[in-house]
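Examining the three-dimensional arrangement
Here is how the chains run, residue by residue.
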Amino acid sequence: MKINRLEAENFRNFKNIAVDFEDVNIIYGKNAQGKTNLIEAIYLFTGARSFRGARDSEMISFGCKKARLKINFEGGGRKQTAEIETDGKKRAKLNGISKKSVSALGEEIKAVVFSPAHLMLVKGGPAERRKFADDALCQIKSNYAAVLKAYGRALQQRNIVIKDISVSADLRSMLYVWDAALAKEGAKIIYQRQKYIEAITPFVKDIFSGISGGKEEITLKLDGDFDYAGLEQAEIEKKLLKMLNENQNNDILNKITKTGPHRDDIEILINGKSARIYGSQGQQRSSVLALKLAEASLLYEKTGIKPAALLDDVMSELDEKRQDYILNHLKDWQVFITCCDAESVLRLKKGKTIKIENGTVAE
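I will try to describe carefully the structure that is included in this document. In this text the structure is predicted, and so the values were computed from the model without any measurement. (Residues numbered from 1 in each chain as written. Predicted model: local features only at pLDDT ≥ 70, side-chain atom pairs only at ≥ 80, totals over all residues. Heavy atoms only, no water.)

Quick notes on the overall build of the protein chain
Helix and strand counts for the protein chain come out as eleven helices and 15 strands. In terms of overall dimensions, the protein chain is globule-like: its C-alpha atoms have a radius of gyration of 22 Å, near the 21 Å expected for 363 residues. Considered along the principal axes of its C-alpha atoms, the protein chain spans approximately 70 × 55 × 35 Å. A burial count over the protein chain gives 48% of its 363 residues as buried. In the protein chain, once contacts between residues fewer than 6 apart in sequence are set aside, the share between residues at least 24 apart is 70%. Per element, the accessible surface of the protein chain, about 17,300 Å² overall, is 48% carbon and sulfur. Computed over 59 positive and 49 negative side-chain charges, the inter-centroid distance for the protein chain is 3 Å. (Helix = DSSP H or I, 4+ residues; strand = E, 2+ residues; numbered from the N terminus. Rg over C-alpha atoms; globule rule 2.2 N^0.38 Å. Buried < 20%, exposed > 50% of the residue type's maximum accessible area, 1.4 Å probe, protein only. Contact = heavy atoms within 4.5 Å. Areas by Shrake-Rupley, 256 points an atom, 1.4 Å probe, with all protein chains shown as cover. Lys, Arg positive; Asp, Glu negative; His and termini not counted. Charge placed at Lys NZ, Arg CZ, Asp CG, Glu CD.)

Here it is in structure tokens:
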């Protein structure tokens with residue numbers, strides 16, 4: 001897969017721009033000019049949410065009613081186009097044909113993004129690590145986003161019932177309906193996350209060993225309400241439903257659902273110790289590098305499509321050895337690198353330079 005051109009209208013600080021790309025693209029300029037906006041626009045075509053955590057309405061230029069994005073890309077052995085339009089709710093087209101959802105674009109367009117914010121994968125709370133696995137799975141499994149949405153709806157409804165039971169005890173009979181829905185959709189999420197962790201671990205181990213010079217070992221483990229390893233989806237659903245039923249009194253007391261994949265975590269261990277608690281800054285950064293590079297490698301293995309590598313303002317924070325390792329690992333991939341100084345990256349890899357200045361492509 002290769003992205004040849006991006007057009008953006010009323011997106012963030014882009015009023016109306018068009019940018020052509022090559023294999024290696026170095027996007028540079030001063031801070032707050034729109035470099036990350038360019039990376040974000042490309043990533044949205046994978047069908048995933050903004051990696052910056054932004055709502056759809058926040059991506060529309062101030063004072064405008066809607067934003068429009070379009071890319072020309074090569075995929076499936078032919079030239080294609082994809083479009084996204086949002087007025088607070090996103091709509092998508094592929095080759096001029098409307099799609100049911102933006103997530104459908106992810107079947108053709110793949111990308112992996114790495115930004116300084118991803119250090120929260122190690123430093124942050126469980127939600128950051130769940131999001132890492134879920135975003136990756138959305139690109140591998142076309143229906144995974146729908147499963148997440150269904151689980152979220154069921155969880156929201158169950159929590160509403162739990163809070164209202166204190167007013168109307170008769171509502172308790174409804175809990176069993178939502179328990180069944182949560183167990184069904186939750187088991188799908190847990191099963192896919194477990195399979196993803198098992199599949200990505202060999203890549204993470206190999207890359208982390210390369211970064212650390214073979215001196216350290218990294219391991220990953222999905223940590224939840226019970227041990228998920230080796231269980232089939234039906235077994236997970238049965239165990240999850242049993243726990244939801246048993247914990248009803250406690251949930252009613254606390255007015256929140258405390259059982260399910262929405263509370264799971266992914267443990268990242270270096271030499272058997274928590275990277276979040278005991279890892280040095282260098283070890284934590286290396287862990288994130290390994291996870292993101294492994295994500296790209298597994299995505300390629302599973303889909304046969306080489307994802308675009310979006311490196312947002314990370315190269316300047318790394319020493320030359322780690323910069324070189326990243327770029328060599330992404331050899332023959334289309335790469336987008338944002339930085340303040342293009343020369344710092346050009347010494348490592350030749351590429352097209354694109355200067356962004358106040359939301360425009362400078363000559």
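Structural notes on the pattern of salt bridges
Counted by the stated rule, this structure contains 24 salt bridges. For Asp87, the salt bridge identified is with Arg91, shortest N-O distance 3.4 Å. Between Asp134 and Arg193 there is a salt bridge whose closest N-O contact spans 2.9 Å. Here Asp134 is found in helix 3 (residues 126–140), whereas its partner Arg193 is found in helix 5 (residues 175–211), with 59 residues between them in sequence. Beyond isolated ion pairs, a larger network of salt bridges with shared partners links Arg5, Glu7, Glu9, Asp20 and Arg68. (Salt bridge = Lys/Arg side-chain N within 4 Å of Asp/Glu carboxyl O.)

Side note on the packing of aromatic side chains
Inspection of the entire model under this criterion finds five aromatic pairs. Pairing Phe21 with Phe336 gives two aromatic rings, centres 4.9 Å apart and planes at 85°, and the pair type is edge-to-face. Here the residue Phe21 occupies a position in the loop between strand 2 (14–20) and strand 3 (24–28), and Phe336 occupies one in strand 13 (residues 335–339), the gap between them amounting to 315 residues. Residue Phe336 is classed as buried on the basis of its relative accessible area of 0%. Their ring planes at 75° and their centres at 5.8 Å tell us that Tyr43 and Phe51 sit as a pair that is edge-to-face. When its relative accessible area of 3% is taken as the criterion, Tyr43 is described as buried. By relative accessible area, which is 12% here, Phe51 ends up buried. (Phe/Tyr/Trp six-rings, centres within 6.5 Å; stacked < 30°, edge-to-face > 60°.)

What to know about the side chain of Glu40
As for its placement among the helices and strands, Glu40 is situated in helix 1 (residues 35–44). Leave out the neighbours within four places in its chain, and Glu40 touches Phe11, Arg12, Ser50, Phe51, Arg52, Ala54 and Met59.

Concerning the sheet that holds strand 14 (residues 352–357)
With respect to topology, six strands assemble into an open sheet ordered 8-12-13-3-14-15, the strand pairing being mixed. Edge positions in the sheet fall to strand 8 (111–114) and strand 15 (360–361), since each has one partner strand and no second. The pairing of strand 14 with strand 15 spans two bridges and is classified as antiparallel. For Ile356, the partnering residue across the bridge sits in strand 15 and is Val361. (Pairing = 2+ DSSP bridges.)

Examining the pairing of strand 14
In terms of strand pairing, strand 3 meets strand 14 through four bridges, oriented parallel. Counted as the bridge partner of Ile27 is Ile354 from strand 14. From the end of strand 14 to the start of strand 15, which pair antiparallel, there are two residues, and Asn358 there has a positive phi angle of about 55°.

Brief notes about the packing of helix 5 against helix 9 (residues 281–303)
Relative orientation of the contacting elements helix 5 and helix 9 amounts to 130°, with a least axis distance of 8 Å. Regarding the angle of helix 5 to helix 9, the classification is oblique. Crossing geometry of helix 5 relative to helix 9 is assigned as right-handed. Here the contact of helix 5 with helix 9 is built from residues that sort into 14 nonpolar, four polar and three charged. (Axes fitted to C-alpha atoms, helices over the stretch in contact; angles between N-to-C directions. Parallel < 35°, antiparallel > 145°, perpendicular 65-115°, else oblique. Left-handed = near helix turned anticlockwise from the far one by under 90°. Nonpolar A, V, L, I, M, F, W, Y, C, P; charged D, E, K, R; others polar.)

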